[in-house]
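Residue-level structural notes
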Amino acid sequence: MKELMEYREKLVERLRSATEELCDACRTFDDPFMKAGEGWTAHQIAFHVRDINREVYGMRIQRTLNEENPEFKNFDPDAWMAANYNRDETLENILNEFSLSMNKVCDLLGNAPQEVWSRLSQHEALGKELTLQLWAERCLAHIEEHLAGLKNNQNT
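Attention here is on the structure that accompanies the text. In this text the structure is predicted, and so the values were computed from the model without any measurement. (Residues numbered from 1 in each chain as written. Predicted model: local features only at pLDDT ≥ 70, side-chain atom pairs only at ≥ 80, totals over all residues. Heavy atoms only, no water.)

1. Points about the overall build of the chain
Broken down by element type, the chain carries five helices and five strands. Helices and strands in the chain line up, N terminus first, as α-β-β-α-β-α-α-β-β-α. By the compact-globule yardstick of 15 Å for 156 residues, the chain fits well, its C-alpha radius of gyration being 16 Å. Within the span of the chain, comprising 156 residues, buried residues form 41% of the whole. Counting contacts in the chain only where the partners sit at least 6 residues apart, residues at least 24 apart contribute 75% of the total. Carbon together with sulfur atoms contributes 48% to the accessible area of the chain, which is approximately 8,300 Å² in total. For the chain, the distance from the average site of its 18 positive side-chain charges to the average site of its 28 negative ones is 2 Å. (Helix = DSSP H or I, 4+ residues; strand = E, 2+ residues; numbered from the N terminus. Rg over C-alpha atoms; globule rule 2.2 N^0.38 Å. Buried < 20%, exposed > 50% of the residue type's maximum accessible area, 1.4 Å probe, protein only. Contact = heavy atoms within 4.5 Å. Areas by Shrake-Rupley, 256 points an atom, 1.4 Å probe, with all protein chains shown as cover. Lys, Arg positive; Asp, Glu negative; His and termini not counted. Charge placed at Lys NZ, Arg CZ, Asp CG, Glu CD.)

Here you go:
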């Protein structure tokens, strides 16, 4: 149990630091509208990661914490981006919202009792018995995926 508690503490710490790293990486681009990896601009990546956190992972974490076995619908990030992307929103506003949202998620997870990490949810495509911990891990994986793309582009 001690190892599991330590893993979860490190997961929350890494969520915080990955959030900061992604924000910092987006800010390194002189022009946030130049291609920054994966065919997207730094602005688009920031918008995407912020909105996926708000509409998917952050929301699933919060609902799993507060509801009994919530069910989640599938989410199409490409359709969301096509319908909602706002080029006029400032990069700094996007990054500030993302950072505030992720800090809230990290505070919730960091203050959650250990037994809450095993709370279950279900997803229409992924199935049943999906834990809070799984959503936290997927949230981190999503941030790190885009962070790696930004860093790769900086090195080219």
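Let's pick the thread back up.
2. A few points about the packing of aromatic side chains
Following the criterion strictly, the structure yields three aromatic pairs and no others. Between Phe 47 and Tyr 85 the ring centres are 5.1 Å apart and the planes differ by 85°, which places this aromatic pair in the edge-to-face class. Of this pair, Phe 47 sits in helix α2 (residues 42-66) while Tyr 85 sits in the loop between α3 (77-84) and α4 (91-111), and the two are 38 residues apart along the sequence. Judged by relative accessible area, which is 3%, Phe 47 ranks as buried. The class for Tyr 85 is partly exposed, based on a relative accessible area of 24%. (Phe/Tyr/Trp six-rings, centres within 6.5 Å; stacked < 30°, edge-to-face > 60°.)

3. Considering helix α1 (residues 2-27)
Between its first and last C-alpha, α1 extends 38 Å over 26 residues, near the 38 Å set by a 1.5 Å rise per residue. Among all positions in α1, only Arg 8, Leu 11, Val 12, Leu 15, Ala 18, Thr 19, Leu 22, Cys 23, Ala 25 and Cys 26 are buried. (Expected span 1.5 Å × (residues − 1).)

4. Here's the deal with the sheet that holds strand β4 (residues 120-123)
Strand order in the open sheet formed by three strands is β3-β4-β5, with mixed pairing between adjacent strands. The sheet is open, and its two borders are formed by β3 (71-72) and β5 (127-131), each paired with just one other strand. When β3 meets β4, the two strands line up parallel, connected through two bridges. Residue Phe 72 lies in a different strand from β4, and its bridge partner there is His 123. (Pairing = 2+ DSSP bridges.)

5. Remarks on the nonpolar core
Of all hydrophobic cores here, the largest spans 42 residues; its most connected members are Leu 15, Leu 22, Ile 61, Leu 109, Ile 143 and Leu 150. Secondary-structure elements contributing two or more residues to this core are α1, α2, α4 and α5 (132-154). At 10 residues, α2 tops the list of elements feeding residues into this core. Sequence-distant contacts of Ile 61, that is, excluding residues within four places in its chain, are made with Val 105, Leu 109, Leu 132, Trp 135, Ala 136 and Cys 139. (Core = buried A, V, L, I, M, F, W, Y, C linked by side-chain atoms within 4.5 Å.)

6. Examining the layout of surface pockets
Put simply, the largest pocket is a space of about 160 Å³. With five residues, the single largest contributor to the lining of the largest pocket is α2. For the lining of the largest pocket, a count of residues per class yields six nonpolar, four polar and two charged. (1 Å grid on protein atoms, 1.4 Å probe; cavity = no way out; pocket = protein on both sides within 12 Å on 5 of 7 lines; lining within 4 Å. Points joined across faces, edges and corners; volume = space filled by probe spheres on them. Nonpolar A, V, L, I, M, F, W, Y, C, P; charged D, E, K, R; others polar.)

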